[in-house]
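Survey of secondary and tertiary structure
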Amino acid sequence: MMDVLTKTAPADAAGLGEAARILQAGGLVAFPTETVYGLGADATNGQAVAAIFAAKGRPLFNPLIVHVEGLEQARRHVEFSPRAQALAEKFWPGPLTLVLPRRKDTPLSLLVSAGLDTVAMRAPSHPAAQALLKAVGRPVAGPSANISGQVTATTASHVADSLGGKVDFILDAGSATLGIESTVIGFDGDRPLLLRPGAVPREEIEDLIGPLGRPGSLIQSPGMMASHYAPRAALRLNAGEIESGEVLLGFGDAVGAKLNLSPGGDLREAAANLFAMLRALDKTATSIAVSPIPDTGIGEAINDRLRRAAAPR
Ligand code: AMP
Ligand code: MG
């Protein structure tokens, strides 16, 4: 149900102007990006950032991604190693988040780092997100625009379903194009770590900077909770046949699927459909079976989300 308490407007000049003014005044604005919808606040305003945690019910130990226009703006806040710079030059603007050491003189709120001495930074490529960042003229903290632990929002109406009444404004630019969150890369000294698989496939990053390690501790990856992205319905993965009481979320040539992530077996299409189809099935089903998804390319991110969505809550 759309919540009348939150205004939704298209991402045209008027909508962008209103969104920018609300952000500058310390308010919360949900905005489109090429990955998923973000829940934005002025990243230099501690109270505004605190309001993000409250609206989402996000645990305070889970730090936020800060959005900037590009590398030049990011340098004001974090230190780039040569490898980090190579990644930013290749993948920004785009769906890659880099966790880098905070500069001592950054005006960023300490809350975005949740007590760590690093900040996760990303330059989104979506034209509405870029236009918004330009209009605000400040870095914008933006986790996914959904209640913590629940299914990610990839349209403005998903945001209204999740957070209506809890945010000041929703900027609508249709469906997020990629539909799955950014890949998050951190560093242990000089060693690059894959903190979260995402829209940039691991292979493309490893081609540029060599093999990626896995985080050795929860501190390196505080947001990767076992249960996350969870629908209300129970979820069973790698399902061959449908069991009684289940509906099937298919992939490729799956037989008897209620919805199919990609009948042609295209992983990009499947990623773009994943959260919207989980939300759609969750409206009526109590038990969702999901076809096997290949674990290559963006499939690694899809399987990561599905495993967490199916994890005991
Ligand atoms: P979300 O914004 O909900 O898509 O999640 C952002 C992801 O980035 C979470 O998994 C966070 O834990 C992770 N992240 C953000 N900031 C940091 C940081 N400073 N160090 C490590 N991980 C981070
Ligand atoms: Mg999220």
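Here the structure is a predicted model, which means the values were calculated and not measured.

What counts and what doesn't
- Each chain carries its own residue numbering, running from 1 in the direction its sequence is written.
- By the order in which they are written, chains take letters starting at A while ligands take numbers starting at 1.
- Totals for whole chains, interfaces and linings use every residue, but because this is a predicted model, local features are given only for residues with pLDDT of at least 70 and side-chain atom pairs only at 80 or more, for both listing and counting.
- Remark: hydrogens and water are excluded; side-chain values derive from all non-hydrogen atoms of the structure.
- The helix and strand labels rest on DSSP assignments: H or I over at least four residues marks a helix, E over at least two residues marks a strand, and numbering proceeds from the N terminus.
- Each radius of gyration is computed over the set of C-alpha atoms, and the globule rule expresses the reference value as 2.2 Å times the number of residues to the power 0.38.
- Relative accessible area decides the class of each residue, using a 1.4 Å probe on protein chains only: under 20% of the type maximum gives buried, over 50% gives exposed, and in between gives partly exposed.
- Only heavy atoms enter the contact rule, under which two residues are in contact if any of them lie within 4.5 Å.
- Computed by Shrake-Rupley with a 1.4 Å probe, the accessible areas treat only the displayed protein chains as cover when residues are assessed.
- Counted as positive: Lys and Arg. Counted as negative: Asp and Glu. His and the chain ends are not counted at all.
- Working definition for charges: the position is that of NZ of Lys, CZ of Arg, CG of Asp or CD of Glu.
- For two strands to pair, DSSP has to find at least two bridges joining them.
- A pair of Phe, Tyr and Trp rings is counted when the ring centres sit within 6.5 Å of each other, with Trp represented by its six-membered ring. The angle between the planes then sorts it: under 30 degrees is stacked, over 60 is edge-to-face, the rest tilted.
- Both a distance and an angle decide whether a charge sits over a ring: NZ of Lys or CZ of Arg must be within 6 Å of the ring centre and within 35 degrees of the ring normal.
- Salt bridges are defined by distance alone: a side-chain nitrogen of Lys or Arg within 4 Å of a carboxyl oxygen of Asp or Glu.
- Near residues are defined by distance, with any heavy atom within 4 Å of the molecule or strand qualifying the residue.
- Any pair of N or O atoms that falls within 3.5 Å is considered a polar contact. Within protein, one atom must be able to donate a hydrogen and the other to accept it, and sequence-neighbouring residues count only if both atoms are side-chain atoms.
- By the convention adopted, Pro, Cys, Tyr, Trp, Phe, Met, Ile, Leu, Val and Ala count as nonpolar, Lys, Arg, Asp and Glu as charged, and the other residues, Gly among them, as polar.

**Points about the overall build of the chain**
A tally of regular secondary structure across the chain gives 9 helices and 14 strands. For 313 residues, the compact-globule estimate of 2.2 N^0.38 gives 20 Å, and the C-alpha radius of gyration of the chain, at 19 Å, lies within 12% of that figure. Dimensions of the chain along its principal axes, counting C-alpha atoms only, are 60 × 50 × 30 Å. Taking all 313 residues of the chain together, 56% fall into the buried category. Within the chain, contacts between residues separated by at least 24 positions form 68% of all contacts whose residues are at least 6 apart in sequence. As displayed, the chain offers around 12800 Å² of accessible surface, 54% of which is attributable to carbon and sulfur atoms. Positive and negative side-chain charges in the chain, numbering 29 and 31 respectively, have mean positions lying 5 Å apart.

**Quick look at the sheet that holds strand β11 (residues 234-236)**
In space, the 4 strands of this open sheet follow the order β11-β14-β12-β13, with parallel pairing throughout. Across the chains shown, the open sheet's two edge strands, defined by having one partner strand only, are β11 and β13 (259-260). Where strand β12 (residues 247-250) meets strand β14 (residues 287-290), 3 bridges bridge the pair, whose relative direction is parallel. Residue pairing in the sheet places leucine 249 in a bridge with valine 290 of β14.

**As for the packing of aromatic side chains**
Within this structure, the stated rule accounts for 2 aromatic pairs. Above the ring of phenylalanine 80, the side-chain terminus of arginine 75 is found at 5.5 Å from the ring centroid.

**Some details on the sheet that holds strand β1 (residues 7-10)**
Spatially, β1-β8-β2-β3-β7-β4-β6-β5-β9-β10 is the arrangement adopted by the 10 strands of the open sheet, whose pairing is mixed. Strands at the two margins of the open sheet, each flanked by one partner only, are β1 and β10 (191-196). Looking at chain direction, strand β2 (residues 29-31) and strand β8 (residues 169-172) are connected through 2 bridges and run parallel. In the strand pairing of β8, alanine 30 is matched with isoleucine 170.

**Notes on the pairing of β14**
Pairing analysis gives 3 bridges linking β11 to β14, with the strands arranged parallel. In the sheet register, arginine 236 faces β14, and the bridge partner there is alanine 289.

**Structural notes on the pattern of salt bridges**
For the structure shown, the criterion picks out 15 salt bridges. Residue glutamate 206 pairs with arginine 202 through a salt bridge whose shortest N-O separation is 3.3 Å. Linking glutamate 206 with arginine 202, this pair stays in helix α7 (residues 202-209), spanning 4 residues, or about one helical turn. Judged by relative accessible area, which is 24%, glutamate 206 ranks as partly exposed. Glutamate 243 is the salt-bridge partner of arginine 236, the closest N and O atoms lying 3.7 Å from each other. Owing to a relative accessible area of 25%, arginine 236 belongs among the partly exposed residues under this scheme. One continuous salt-bridge network, built from bridges that share partners, spans Glu181, Asp304, Arg305 and Arg308.

**Considerations on the site of ligand 1**
If you check the shell around ligand 1, you find 17 residues, and the closest are Arg58, Asn62, Thr118, Arg196 and Gly223. A distance of 3.0 Å separates an oxygen atom of ligand 1 from a polar atom in the side chain of asparagine 62. Arginine 196 is positioned such that a nitrogen or oxygen atom in its side chain is 2.8 Å from an oxygen atom of ligand 1. For ligand 1, the protein covers 96% of the area, taking 500 Å² as the surface of the free molecule. Among the secondary structure elements, those contributing two or more residues to the shell around ligand 1 are β6 (118-122) and β10. Among the residues making up the shell around ligand 1, the classes are represented as 10 nonpolar, 5 polar and 2 charged.

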